[in-house]
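Each chain, written out:
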Amino acid sequence: MDNGWYSRLFLVLGFVGLAGYFLYPSYYYFYEATDEQRDSHEQFCEAMPSWMTCSKFSLGLDLQGGIHLVMGVGVEKAVEQRLDRLADSLDEGMKEEGIKFTKVVRPRGLLEIQVGFEPGQDRSQFETYLRTDFWQLEAITREDTGYTLALVAERDEEVRRSAVEQTIKSLRNRADQFGVTEPTIARRGASNILIQLPGVKDPKRALDMIGRTAQLEFKIVEAEASSIFVGIDPAELPEGVVARQNTFSGPGGKSVVDNYFELPLLQKEAVRKLLESKIDNEKMIAFGETSSNQEGFLRTYLLTAKAGITGDYLVDARVNQNPDLPSDYHVSMTFDQKGARIFENLTEANKKRNMAIVLDDVVSSAPQIQDRIAGGSAMITLGSSGDTRKKFQEATDLSLVLKAGALPAPVEIREKRQVGKTLGAESVDSGKMAITVGILMVLIFMTFYYRGSGLIANVALVLNIFFVLAVLAMFEATLTLPGMAGIVLTIGMAVDANVIIFERIVEELRIGKTPRAAIDSGYGKAFSTIMDANITTLIAGVVLMQYGSGPVRGFAVTLIIGIICSVFTAIVVTRLIFDFMSSRRRLESLSI
């Protein structure tokens, strides 16, 4: 045997060793690991020998159960928040530049900024400042008393696209925090996101964490302006709604009356519609729990439409327990340096007023600001009533989603499917059965039809499956039901290459060549045919992977890996065995 044969032998043995190295963690995970090791990637890696990788392939949603979601992103909210920040910057900038104006507001429900001026005022300085420092805004109306500004079209589109991309990033962080391995989170269309969470054991909690917007806003309560509600005729109020008042000592020691309403939960939208018709666009109506925490009832808050500060500045969120009341849990939050400065200025400017902590459009609490708050710390209380364990879980989940990052825009579930573990297990069993039957039938056929040479092809076939699974594990790929179909198709492709080679060898034997010469000639003539067939299939697989999604992509990945492995085993491994047989002794005949 020449040096070339030994080189090929070491090459094959090397690949077999590498395949075993990458495949062992997957074997351990599915057949040896404990439930704790399967749930925790860190524990699983610790169970592996220090020199061993912990890369493994995972089962997809259709094979182990889980949740499939399509979520829509409310990108208009992201545009509103961007306009809020621009309105703040414009207000501060115009003051610094000495430009006189009467107001800078971002009206509720409108994607615009309104800038007011005195009638007849020269606005050339403002227009110059707008063009040079706020190029992302354009004037959509110009009147004698003011301008209406909106984002330029390109900037508006960028904000919407960025909102979806940031939402995907935040959802991925949350999935990691929740401990979901191999989640699929991808953009679908302009504002939809596909989410697949395989192996989730508590679907309700996963939905609460993944689907929660976690938009945190701090808004000032407009208690003085609530006097406008005094004039509402009780007959206008929906059934079950009761007007209330709360008197407290406000700014400068002045007595302030906060007028609000308590209402049944079912009347929420009717009350919102009624009250919002009484207020201007710079204010909004929000809802929170009643002071008595009466279940099924809410109370109203009149708030500034624009948030004083948002959760974008959060750097940490932790669960704390009230030492005097063990059933009372709260989430302590810390802002970054810039957020701390904004929060300090906000509390400085609104002493003795109430500030509402609004989480996902629900007022969590509205404490009165006694003095300027420096240091950038705030707290969300969860109440002391109810089940203690449930309160702790709620506080923990809230701190996790706040730390993972609030979604830049609200999301809504537009499609939800849950694949049960039983269905997943049935899919795994069906896939295993299909692969096993497919392999056995091919092994039997090859042995029966090509006899000794068929056994050589069978060795290559088994190695091919071994290599495919090892490559999947090496790239930590996710094996899905279509992926298993791709493996079954690969079995056929691998056999096809051997059939082509064997038929060429048979033709060469028929014209009187020796077995050794027939093997050399058979492999030489079959090579181009095998490569043509596999390259065309490989191109189809690449196209499917590039433009397909979900199951189609999974099928394409296993097909591509399978084609590469089958070409290697059909041409290199079987030829190695034939060369070994022919070099050890003089072949008089070939079992084929």
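See above for the structure.
Before going into details, it helps to say that this report is about the structure given with it. Here the structure is a predicted model, which is why all the values come from computation and not from measurement.

Conventions and cut-offs
Residues numbered from 1 in each chain as written. Predicted model: local features only at pLDDT ≥ 70, side-chain atom pairs only at ≥ 80, totals over all residues. Heavy atoms only, no water. Helix = DSSP H or I, 4+ residues; strand = E, 2+ residues; numbered from the N terminus. Expected span 1.5 Å × (residues − 1). Salt bridge = Lys/Arg side-chain N within 4 Å of Asp/Glu carboxyl O. Buried < 20%, exposed > 50% of the residue type's maximum accessible area, 1.4 Å probe, protein only. Pairing = 2+ DSSP bridges. Disulfide = S-S within 2.5 Å.

**A word on helix α5 (residues 75-97)**
Relative to the 33 Å expected for 23 residues at 1.5 Å per residue, α5 spans 33 Å between its end C-alpha atoms, a close match to the ideal helical length. Looking one or two residues past α5, G98 carries a phi angle of roughly 75°, positive in sign.

**Examining the pattern of salt bridges**
Applying the stated criterion across every chain yields a total of 31 salt bridges. In this structure, E217 and K77 form a salt bridge, with 3.9 Å as the shortest nitrogen-oxygen distance. Pair noted here: E217 is in strand β9 (residues 216-220) and K77 is in helix α5, with a separation of 140 residues, a long-range link. The buried category is assigned to E217, whose relative accessible area is 6%. Salt-bridge contacts for R106 lead to E80; the nearest nitrogen and oxygen are separated by 3.9 Å. Note that R106 is positioned in the loop between β3 (103-105) and β4 (113-116) and E80 in helix α5, a separation of 26 residues in sequence. For the pair R106 and E80, a shared accessibility class is recorded, and that class is buried. Salt bridges here are not isolated pairs; linked through shared partners, they connect K77, E80, D84, R106, E217 and K219.

**A closer look at the pairing of strand β11 (residues 255-264)**
β11 sits mainly inside the fold: eight of its 10 residues count as buried. Sheet topology note: the strand β10 (residues 242-249)/β11 ladder contains eight bridges and is antiparallel. The partner of A243 across the bridge, within β11, is F261. Between the antiparallel neighbours β10 and β11 lie five residues, among them G252 with a positive phi of about 70°.

**Focus: the state of the cysteines**
Under the definition given, this model contains one disulfide. Across the disulfide from C45 sits C54; the S-S distance is 2.3 Å. Around the S-S axis, the bridge from C45 to C54 shows a dihedral of about 75° and counts as right-handed.

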